[in-house]
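# Summary of structural features
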Amino acid sequence: MRKWLKAPALHMLALGALLFIITDLRGGALLPQKKRIEIPAHRLEQMAQEFIRDTGHRPTPHEWEQMIEMQIDDEVLFQYALALGMQENSAAQARLAQIADFVEANPHEATQDGKARAAIDLGLHEGDLVVRRILVDSARRLIRSVVLVQKPAPDVVRQFYTAHAADFTRPAQVRISQIAINGFVRPDSEEQARNILQRIRTENLGFEAALALADKTPAPVRLPMMSGEDLEAEFGGDFARAVLALKPGGWSEPIPSDYGHHLVWVHEVEAPRPLPLEAVQTEVEQAVLQKLADDWLKLRLREMRAEFEIVVPGRAS
Amino acid sequence: MQSPQAVGLVSRLAATGALVLAALGFAIGANPPWEPSAKPPFEITEDRPRCKDYTPKRRALFGTTHLHTGLSFDASIRFVDYANGNNPRGAYLFAQGKQPISIPEPSGLQPKRRASCNDPATEPEGGGPSRTPCIDEPLDWGAVTDHSEHFGVMGFCKGLLGKDVSESLSMECRMINGFFYEPLRALNPALGKSMASNAFTQLTLTNDGAISKNTNLPVCNNNPELCAKAELEVWGEVQNAAEEAYDRSDECRFTSFVAYENTSTPLLNNWHRNVIFRNDRVVRTPVNAIDMAVVVNTDPTREPVDTLLAVVPNEPRVWPVPPGTKVNHPLPQPFWNKLEEDCTKGKNVTPGKASRCDFITIPHNSNLGGGGNLFPPMFLDPYNTADAKRHQQMEPLVEIYQDKGASECRYDPRFLAGTDTIDEYCAFEILDGKSLGSASGVGSGSGSSGPAAPDTWGERAYVRNVWKDGIQYAAQKTFEGINPFKMGVVSASDSHTGVMGWHPETDQWPGHLGIDDAYPMSEASSIQNSTGGPSVVWAEENTRDAIFEALKRKETYGTSGPRMKVRFFGGWGYPADACGKDFVDLGYKGGVPMGGDLPARTAKDGAPVFITSAVWDGNIKTKLQQIQVIKGWVDAKGKTHERVYTVAGDPGSPLNPQADLDAETCKAKPELGRERLCAVWKDPDFDPRQHAFYYVRVLEEPVCRYSTLWCRQWIGVDPLSSSCSSQLTALQNGTPAQKAKASQGAMCCSNQTTDTFLQPVIQERAWTSPIWYEPAASPLAQK
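Bear in mind that the values here come from a model prediction, so they are computed numbers and not experimental data.

Attention now goes to the overall build of chain B. Helix and strand counts for chain B stand at 18 helices and 28 strands. In terms of overall dimensions, chain B is globule-like: its C-alpha atoms have a radius of gyration of 26 Å, near the 28 Å expected for 783 residues. Referenced to the eigenvectors of the C-alpha coordinate spread, the extents of chain B come out at roughly 90 × 65 × 55 Å. With 783 residues in all, chain B has 60% of them scored as buried. Restricting the contact set of chain B to residue pairs at least 6 apart, pairs at least 24 apart contribute 74%.

Before going further, it helps to examine the pairing of strand β9 (residues 397–402) of chain B. All names here are of chain B. For β9, the buried fraction is high: 6 of the 6 residues fall into the buried class. Relative to strand β13 (residues 488–491), β9 is paired through 4 bridges, and the arrangement is parallel. Bridged to V398 within β13 is V489. Pairing of β9 with strand β10 (residues 405–406) involves 2 bridges; the strand directions are antiparallel. By the bridge assignment for β10, Y401 is matched with A406.

Our focus in this paragraph is the pairing of strand β19 (residues 624–634) of chain B. Residue and element names in this part refer to chain B. For β19, a buried count of 11 out of 11 residues is recorded, marking the element as mostly surrounded by other parts of the structure. Where β19 and strand β24 (residues 692–700) come together, 9 bridges link them in antiparallel fashion. Among the inter-strand pairings, Q626 is bridged to a residue of β24, identified as L699. Of the pairings in the sheet, the one linking β19 to strand β20 (residues 640–649) comprises 9 bridges and is antiparallel in character. Paired with W633 across the strands is H641, a residue of β20. What sits between the antiparallel neighbours β19 and β20 is a turn of 5 residues, in which G638 has the positive phi angle 90°.

Along its sequence, chain A is organised into domain 1 (38–152 + 297–311) and domain 2 (172–271). Taken over C-alpha atoms, the centre of domain 1 of chain A sits 59 Å from the centre of domain 2 of chain A.

Backbone-to-backbone hydrogen bonds join strands into a sheet, with any given pair of strands oriented parallel or antiparallel. Residues and elements named next belong to chain A. The antiparallel open sheet is built from 4 strands, whose spatial order is β4-β3-β6-β5. Each of the sheet's edge strands pairs with one partner strand only, and the pair in question is β4 (226–227) and β5 (255–256). Looking at chain direction, strand β3 (residues 173–182) and β4 are connected through 2 bridges and run antiparallel. From the neighbouring strand, V174 faces β4, where its bridge partner is M226.

Residue and element names in this part refer to chain B. Counting through the fold element by element, G346 comes out in the loop between α9 (332–344) and β8 (359–363). By C-beta crowding, G346 is classed as exposed, having 11 other C-beta atoms within 10 Å. Sequence-wise, G346 and N328 are 18 residues apart; in three dimensions their C-alpha atoms are separated by 32 Å. Apart from residues no more than four positions distant in its own chain, G346 is found in contact with R356 and C357.

Take the packing of helix α5 (residues 90–100) of chain A against helix α8 (residues 129–148) of chain A next. Residue and element names in this part refer to chain A. Where α5 contacts α8, the axes come no closer than 10 Å and their chain directions differ by 170°. As summarised for this structure, α5 and α8 are arranged roughly antiparallel, according to the angle between their axes. The two elements α5 and α8 cross, and the hand of that crossing is left-handed. Contacts from A91, A92, R95 and L96 in α5 reach V130, V131, I134 and L135 in α8. Residue composition of the contact of α5 with α8, by class: 7 nonpolar, no polar and 1 charged.

Strands sit in the order β10-β9-β13 (chain B) across an open sheet of 3 strands; the sheet is mixed. For this open sheet the edge positions go to β10 and β13 of chain B, each flanked by a neighbour on one side alone.

With 88% of its residues at a pLDDT of 70 or more, chain A shows a mean pLDDT of 85. Mean pLDDT values over the elements of chain A span from 64, in helix α2 (residues 8–27) of chain A, up to 98, in β5(A).

This part is about the packing of helix α17 (residues 724–732) of chain B against helix α18 (residues 736–744) of chain B. All names here are of chain B. Put simply, α17 and α18 touch, their axes get as near as 7 Å, and they point 135° apart. The orientation of α17 with respect to α18, classified from their angle, is oblique. Where α17 abuts α18, its residues L728, L731 and Q732 lie against Q738, K739, K741 and A742. Of the residues assigned to the contact of α17 with α18, the class counts are 3 nonpolar, 2 polar and 2 charged.

A word on the confidence of the model for chain B. When pLDDT is low, close inspection of the predicted coordinates is not appropriate. Residues and elements named next belong to chain B. When pLDDT is averaged across chain B, the result is 90; 91% of the residues are at 70 or more. Within the model, the stretch residues 1–37 combines pLDDT values under 50 with 41 contacts to residues more than four positions away or in other chains. Model confidence for the complex: the whole-complex pTM is 0.81, and ipTM, which rates the interface, is 0.83.

Let us look at α8(A). End to end, α8(A) covers 27 Å across 20 residues, agreeing with the expected 28 Å (1.5 Å per residue, within 8%). Looking at α8(A), one finds that the buried residues are A:V130, A:V131, A:I134, A:L135, A:V136, A:D137, A:S138, A:A139, A:I143, A:V146 and A:V147.

All names here are of chain B. In this model, W319 is joined to P320 through a cis peptide bond whose omega is 5°. Checked against the element boundaries, P320 lands in the loop between β6 (310–311) and β7 (326–327). Its identity is not glycine, yet L416 carries a phi of approximately 50°, on the positive side. As for its position among the elements, L416 is in the loop between β11 (411–412) and β12 (417–418). Its 12 C-beta neighbours within 10 Å are what place L416 among the exposed residues. If you check the backbone angles, D494 has positive phi at about 65° while not being a glycine. One can find D494 in the loop between β13 and α13 (524–527).

Procedures and definitions
Residues numbered from 1 in each chain as written. Chains lettered and ligands numbered in written order. Predicted model: local features only at pLDDT ≥ 70, side-chain atom pairs only at ≥ 80, totals over all residues. Helix = DSSP H or I, 4+ residues; strand = E, 2+ residues; numbered from the N terminus. Rg over C-alpha atoms; globule rule 2.2 N^0.38 Å. Buried ≥ 20, exposed ≤ 12 C-beta atoms within 10 Å, placed from the backbone. Contact = placed C-beta atoms within 7 Å. Pairing = 2+ DSSP bridges. Domains from an automatic or database assignment. Axes fitted to C-alpha atoms, helices over the stretch in contact; angles between N-to-C directions. Parallel < 35°, antiparallel > 145°, perpendicular 65-115°, else oblique. Left-handed = near helix turned anticlockwise from the far one by under 90°. Nonpolar A, V, L, I, M, F, W, Y, C, P; charged D, E, K, R; others polar. pLDDT = per-residue confidence, 0-100. Expected span 1.5 Å × (residues − 1).

Dropping the structure here:
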């Protein structure tokens, strides 16, 4: 009996039984079980190579960490899409059937469904970039769409508007008068403008007397408060940029425009100020929804990640 | 079939979502209150504030009337991906400079998306321009015009009806979703393009190509209810995207229009027309190419389409085409009639904020529209006076230029001859192909037999000739003095990549048709595609009503890309020194702007006087060479004529623009050109008895075409160099990587004298709508 107890075969049998019991307990959900996500080493290598090709340098530790985090997010979304059966959607099915053609003994006789199922059974979907992108994008859109199809409540919109006032601000405005030298009939309009400026300074001409020296053009001499965008629409971009840089009082140096050259007098400048909510309601609502959809996606990803054991080579899981 | 784990996930998602949304306090909100509006000089159909920069003198608003996204079948077959953000919403965000857009890489794979234009763009594998571009200058307004005939199929192929639709596995969906192409891994990557071309033909000829008993695609004929439902989903998405993009505040930053494209393609001839609605009241279902059938197909599962000949039935739907007429083409009349019934008369209109429905249709690419053989041109002879009126009423505009070439006129330097013209400046972006078959990558360009002579094109393939025919009809009183072809002009891109309003003449042009021309100089069929140009309206403000009225009154012009500002007025008494005055005020008060009819001539009036001005694109800064006035007229014998007058600036070298170019910088020599031009011009050859039209063409100094810059940057050969061919040959005999480059740039050494017409140096330009003169005070002539 003692000899029998010392037999190695019995020891192996006992060890096997113990392993079987432990495994069974795990499988029977008596012990907590997490599905495992492992980012393969070859994919990390591929990521690194792509990064170097795109940027010309190796990723910094921070950049590398961000890339891995994005990879994990994609993997979680991929698993989520599979769990929801998104591989059944038409684009994914067509792609799966296509890649199954390579392994089917007689692809012409197999049905689309059959080929797609065969592809999944063989795990081809795991390695196919196109299928992964279709599923990851679908999962991301599905999660975000829960928020995007809603209409945000007025108080949420108002809160967002208040917190992001700088994004909904009326740009700086300026009120000017201008002496135009008509470039349509004077090819040397810049030189002419400089001569007039010289004359104003030499003869110490008053404001109205100086205005009287202007050529006629389609542009008004005195303009109301206008933004840079308005000035650009009326006079062109170079003119708008130059005028917005001027300080009130005094005639400017010649400034080119669509009409010729101008001496500009800035009367007043109004600093940027927030636009009323009513004027930007749709824009704020869109921004709210985009922000909430992003937040919602982050929240869901955090929740879903907790359901997996995540293993990244070279990093603690 | 969902697993229990999936069900658990879904329930948790739904529960958590509901909690989060409840916590955030979502609810259905009310519309914002509208401010009281002023009374502008155009019909108001929308209750909205007037813009704070409203100007009675009108301003140039740059926009687009023709643009496709991944929601178009022929974009989708080229891997332009609706799901990857290339959709109407994406296009409108792109146009406003708010977001990049994703275009497939040459391999067919989608690019890495970037959320913002501030994020760095990455080059596609193998090099080339970014596939996630941003617009260089935001646009003022635009319309996405996806192909309407396949809205139903696109709906379920793209999953808009959910995933449990068995038809989503149909052959049609396989073609649309590009199942046939193995990105990167194909033994022969060119096969992908060729399969896409086959898909285009199959998806087009079967229903859009017939002339009678046209039908939908087979998958829709077998399940019409499903297609109708999917069509509504897609059409709804088009409307929603336009509504979201429209700025209804008094800031008026962007205006969008609900629109689509009618894709009538009989025998691959281009009879396409864009339909643009005035506001958010639109037809419930698009009226399209199937409605152009001569005879309605009542049982499409049994009745074959007719592609050769049909007899016009005695039915109101085809009015005013005479019953019994034998035709070998589809009919635009039932298309117009149904649009009028459904929209203008309100019989099938969506609810909305606006007071009524209104629309215009804009034909495009007459250069590919037939008329050079047995098939008639897209601008058909009217059947009678009622029909002539119908043409004038329904089509106030025509697209004169876009990615698939110029439709103004044709002069071919290889033959030193033109299509009813000797105007050498017509040698600009002319196509060697005569139908969509060659211009859309379906088949080759000119083929091996060399270029076709200008007289083998139908005269009406070109808009200037159509205008001449129009005044000829009016002069001969064929239709009681009606001019059926009194059309103004717009330009567009027709890009199928969602790049609304972007027309860069640089090495960054990514092609206009997804994978088909991702290497735009790789073969003859695609290299002739250019970058298109904006449609410009002179309008009081940036709103739908103001722009739509400008389109209807034809106060419009188009350019080949640059944003030049061009004015054109016609009258009888403008002062000779008007350019030194407020010529805009004088122009409106003393006459009519572009698109108008000269006021009735009185006994004291001499010849008509025109004021025209042009200002360069201040961002691109290519100077202007000249302003031309182009006149067409009909003599006493009924023969038409044309003449080109340079009225400001300097005449250039139309057939040798390279002479004025600095080949190193690829820009015009700096001493040439002006930033602005203006002229007051009196017609020296005026005969008050002759019907006439006048329009303006503004020419910039020469610059390199995008393709020249593209070849230099990405292929490493210089199209302007005398050793270009040697450079290309060296690549062809080099390493595998060099051989690949040589293939991608196979046509880089083409020019305006080679079998495939291609200008390495171009003169960008603008074309205005004409101003017409009618001597006979026919009461019908102005109707």
